[in-house]
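# Geometric and topological summary
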Amino acid sequence: IVWARVADQGSFVQVEIAEGKLQQERVLNREQPCHLIAEQDCYVETIRTFKGRAEVSKGDFVRKGGILISGKVPIEHPTYPVEEDTPKYHYFHAEGEVTARVPYYYSIYVEPDLTEGQQKAEIRRWMKKNIPEKAEILNKDFHFEHKKDMIKLYGMIETRQPVGIEKEINIDKRQSTGNEKNAD
């Protein structure tokens, strides 16, 4: 049970429950430096950065694991040169809101004796299992292909949804001075 409500009105009691899987998101300590990364391939629609530095813009395609908002921000010294032992980066717990269009591709094999309504019910079950509840469905593309003893249902469903999960930044002394390359 992921949600429950009890409402009583006099001698009448109404109980509502919802079942489903709770996704346990790993939340880092707000002091721990991190990036916000794409949890799946997506096309960025909007990005609002509260802490850190936006690495993508509206319309950009981002692969799964790509950085959306970086918690590693270069220190820019426009008026004087940077000394060798001076840190070259600020580190933040990246924060922001990113909304993106996310394509989901599916391929389901079903029995050939299912009616068209039953086939669509199979697609709805797949969607419920694989597409987040917060997602707004924008486009659907359905195809049916008859194979020997099965029917292949395949296509693409495009959604609009919030994206971005935290990925910890590992910092060591060499990296914080800027002497280490590719330490993320």
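Parameters at a glance
- Residues numbered from 1 in each chain as written.
- Predicted model: local features only at pLDDT ≥ 70, side-chain atom pairs only at ≥ 80, totals over all residues.
- Heavy atoms only, no water.
- Pairing = 2+ DSSP bridges.
- Helix = DSSP H or I, 4+ residues; strand = E, 2+ residues; numbered from the N terminus.
- Core = buried A, V, L, I, M, F, W, Y, C linked by side-chain atoms within 4.5 Å.
- Buried < 20%, exposed > 50% of the residue type's maximum accessible area, 1.4 Å probe, protein only.
- Salt bridge = Lys/Arg side-chain N within 4 Å of Asp/Glu carboxyl O.
- Contact = heavy atoms within 4.5 Å.
- Axes fitted to C-alpha atoms, helices over the stretch in contact; angles between N-to-C directions.
- Phe/Tyr/Trp six-rings, centres within 6.5 Å; stacked < 30°, edge-to-face > 60°.

Another aspect to go through is the sheet that holds strand β5 (residues 53–54). Spatial strand order, β5-β7-β3-β13: 4 strands in an open sheet with antiparallel pairing. Two strands bound the open sheet, and with one partner strand each, they are β5 and β13 (165–168). Bridge count for strand β3 (residues 34–37) against β13 is 4 bridges, and the pairing is antiparallel. Among the inter-strand pairings, Ile37 is bridged to a residue of β13, identified as Ile165.

By size, the foremost hydrophobic cluster in this structure holds 25 residues, and its most contacted members are Cys42, Val62, Leu68, Ile108, Trp126, Ile131 and Val163. Counting residues per element, the ones that place at least two in this core are β4 (42–51), β7 (67–70), β10 (95–110), α1 (116–130) and β12 (151–163). In terms of residue count, the dominant contributor to this core is β10 (7 residues).

A word on the pattern of salt bridges. Applying the stated criterion across every chain yields a total of 7 salt bridges. In this structure, the salt-bridge partner of Arg48 is Glu97, at a minimum N-O distance of 3.1 Å. You can see Arg48 sitting in strand β4 and its partner Glu97 sitting in strand β10, a full 49 residues away along the chain. Via salt bridges that share partners, Glu45, Arg101, Glu136, Glu158 and Arg160 belong to a single interconnected network.

Turning next to the sheet that holds β10. The 5 strands are arranged β6-β4-β10-β12-β11 in an open sheet whose pairing can be described as antiparallel. Only two strands of the sheet have a single neighbouring strand rather than two, namely β6 (61–62) and β11 (136–146). Set on the sheet, α1 makes contact with β10, β11 and β12; between it and β10 the angle comes to about 145°.

A few words on the packing of aromatic side chains. Inspection of the entire model under this criterion finds 4 aromatic pairs. Relative to Phe61, the ring of Tyr43 has its centre 4.9 Å away and its plane inclined at 55°; by these criteria the two rings are tilted. Highlighted residues: Tyr43 in strand β4 and Phe61 in strand β6, separated in sequence by 18 residues. The partly exposed category is assigned to Tyr43, whose relative accessible area is 40%. Judged by its relative accessible area of 36%, Phe61 falls in the partly exposed class. When the ring of Tyr106 is compared with that of Trp126, the centres are 5.3 Å apart and the planes differ by 45°; the resulting orientation is tilted. Highlighted residues: Tyr106 in strand β10 and Trp126 in helix α1, separated in sequence by 20 residues. The pair formed by Tyr106 and Trp126 is uniform in burial state, with each residue classed as buried.

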